[in-house]
Amino acid sequence: MTDPAKTDPARTQTAPARHISRTTLYFFGALGGILFGYDLGVISGVLPFIGKLWALTSWDKGVITASLSVGAIVGALFSSRTNEALGRRRTIMVAAAIVIVGTLAASFSPTFLLLVLSRLVIGLGIGLSSSTVPTYLSELAPARLRGAMGALNQIFIVLGILIAFLVSYWLGPISAWRWMFAGAVVPAVILLVGLVFLPETPRWLVKNGQEDEARRVLASAHGNTVNLDEEIATIHEVIRLDTEEKPRIRDLFSGFVRPMLVVALLLAIGQQFSGVNAINAYFPTMLIGLGFATQAALLSGVLLGVTKFLFTAWVVFVVDRWGRKPLLLIGNVIMVITLVAAGLVVLNVHDTGTRGILMLVMMVLYLVGYELGWGAVVWVMMSEVFPLKYRATGMGVSSVVLWAATGIVSAVFPIISDPKSLGIGGSMFLFAGVNVVLFALTKWLVPETKGRTLEQIELDLRARQGVAAKS
């Protein structure tokens, strides 16, 4: 029997209105990105110390680094169900709590095995968070600001990486790698506490029969820029179209949804196979292998982090004007050029100081290209392209694939960059080739989504695929 609370909004009992500024809403909504970034970046400062302490092989370093991604895959697999059952807000709160537990365990781990297990737990929370935060932001933001708000998540990711690099450099002289891990507790606690006071997204509230609360959230998040009756009516229309059957993963591979799944998976795989997390996780280790001192290598990591942060912040101001696709293509061109140049430097420059400085310059420019396109745009577009009915499931699948790609790159890079294999120079050429392929696939397959509401994107997809709305 149908629950009247879900069919008659007038009878719905809603929670008291929350009067939250949009700045607060978006700040705490995106704060989950700091957890993502910090735990991705901190391992680059930890590895030089535990590598010596525990006599780690290239394989061991890859396992410790990739264990976060394996845990994140599990978290992303569960994200769809938790998003639908608990809502976006509570899912992020659960993720923050899991990260706190895993971080404390990592900080006190006495052995290699326990550290790997702790990183798996942290990854579980990161997987839940990384597949939910973009959805949370995209469902709260007005269409005209959605790209900027989605890019805000990426700003917090790179801010987390920068903070991790700074903490590693600061604690490096005393080899305090345990405290490097412990730093992730701070943003996790702030996120957990902050979300207690934030609302759920309007689309989840309407879908679960809480229209009055949805109206209050829309008014708080959008201000006077939205017609509440029109927005609520549009959400109801899309929900009506999506209530014929429950979403299943196999449904993503059929009908009008399949092309968008292809786009999301291309973005997810491409972001990682472009080589960025090989740089994020291993750049200090790479420089040490090229002859740099440990502290100099950690300082170079800080410079990379500053570059990532500045250019990601700049993209926020252009993503809704330039569009998503042009930024992806420009980023690919820059990455190809700088990766080829980096490979040539490693193979042809033999003076240690000169080679290290040139590599730093090339990697800074590489990250300019990455953050300009694939860093800021991917999470925005993955949360935009799926219809409401499939959004949580689609984001979950996309996040699983993204984290699997992250794990592959993290595990394989120490092996392929070993002098007995491709070496660092050969690895740079390999990533350059991947970026050439990504440019071609992006040019061919990826659509433009700027300036359109999520409902407009879905209704347009239905129309183009001949899926008529029932009257």
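Residues numbered from 1 in each chain as written. Predicted model: local features only at pLDDT ≥ 70, side-chain atom pairs only at ≥ 80, totals over all residues. Heavy atoms only, no water.

The name recorded for the protein in an unreviewed UniProt entry is MFS arabinose transport protein, from Amycolatopsis vancoresmycina DSM 44592. Its UniProt record gives the protein a comment under Subcellular location (unreviewed entry), which states: "Cell membrane". Taken directly from UniProt, the Sequence similarities (unreviewed entry) text for the protein runs: "Belongs to the major facilitator superfamily. Sugar transporter (TC 2.A.1.1) family." (UniProt positions renumbered as here; feature names shortened; annotations may be inferred.)

Draft legend 1. Local environment of the overall build of the protein. Helix and strand content of the protein: 21 helices and 0 strands. The burial tally for the protein puts 59% of its 471 residues in the buried class. Relative to all contacts within the protein whose residues are 6 or more apart in sequence, the contacts with residues 24 or more apart total 85%. For the protein, the accessible surface area stands at approximately 18000 Å², while carbon and sulfur atoms represent 69% of it. (Helix = DSSP H or I, 4+ residues; strand = E, 2+ residues; numbered from the N terminus. Buried < 20%, exposed > 50% of the residue type's maximum accessible area, 1.4 Å probe, protein only. Contact = heavy atoms within 4.5 Å. Areas by Shrake-Rupley, 256 points an atom, 1.4 Å probe, with all protein chains shown as cover.)

Draft legend 2. Quick peek at the packing of helix α4 (residues 58-86) against helix α19 (residues 388-416). Interhelical geometry of α4 versus α19 gives an angle of 180° and a closest axis separation of 8 Å. With respect to each other, α4 and α19 are oriented roughly antiparallel. For the contact of α4 with α19, the per-class residue count stands at 14 nonpolar, 13 polar and 1 charged. (Axes fitted to C-alpha atoms, helices over the stretch in contact; angles between N-to-C directions. Parallel < 35°, antiparallel > 145°, perpendicular 65-115°, else oblique. Nonpolar A, V, L, I, M, F, W, Y, C, P; charged D, E, K, R; others polar.)

Draft legend 3. The arrangement of the layout of surface pockets in detail. Reported here for the second largest pocket is a volume of approximately 410 Å³. Looking at the second largest pocket, it is lined by 20 residues, and the ones nearest its centre are Gly-289, Ser-417, Asp-418, Pro-419 and Ile-424. Where the lining of the second largest pocket is concerned, the elements lending two or more residues are α4, α14 (276-289), α17 (324-348), α19 and α20 (423-445). Classifying every residue of the lining of the second largest pocket by side-chain character gives 11 nonpolar, 7 polar and 2 charged. Residue contributions to the lining of the second largest pocket reach at least three from each of two domains, namely domain 1 (19-198) and domain 3 (248-470). (1 Å grid on protein atoms, 1.4 Å probe; cavity = no way out; pocket = protein on both sides within 12 Å on 5 of 7 lines; lining within 4 Å. Points joined across faces, edges and corners; volume = space filled by probe spheres on them. Domains from an automatic or database assignment.)

Draft legend 4. Helix α6 (residues 112-140), seen in detail. Along its 29 residues, α6 runs 42 Å from first to last C-alpha, staying within 8% of the 42 Å computed at 1.5 Å per residue. The sharpest bend along α6 reaches about 25° and sits at Thr-132, with the proline Pro-134 one to four residues further on. Among the 29 residues that make up α6, 22 are buried, leaving the element largely enclosed by the rest of the structure. (Expected span 1.5 Å × (residues − 1). Bend = angle between axes of the 7 residues up to and from the residue.)

Draft legend 5. Representation of unusual backbone geometry in the model. At Ala-55, a position not held by glycine, the phi torsion is positive, near 50°. Along the chain, Ala-55 turns up in the loop between α3 (32-53) and α4. We note that Ser-175 has phi near 55°; this positive angle belongs to a residue other than glycine. Following the sequence through the fold, Ser-175 ends up in the loop between α7 (146-171) and α8 (177-182).

Draft legend 6. Highlighting the confidence of the model for the protein. For the protein, mean pLDDT is 82; residues scoring 70 or higher make up 86% of the total. pLDDT under 50 marks residues 1-18. Its contacts with residues more than four places away, or in other chains, come to 29 contacts. Within the model, pLDDT remains below 50 along residues 467-471, and this stretch shows 8 contacts once partners closer than five positions in the same chain are excluded. (pLDDT = per-residue confidence, 0-100.)

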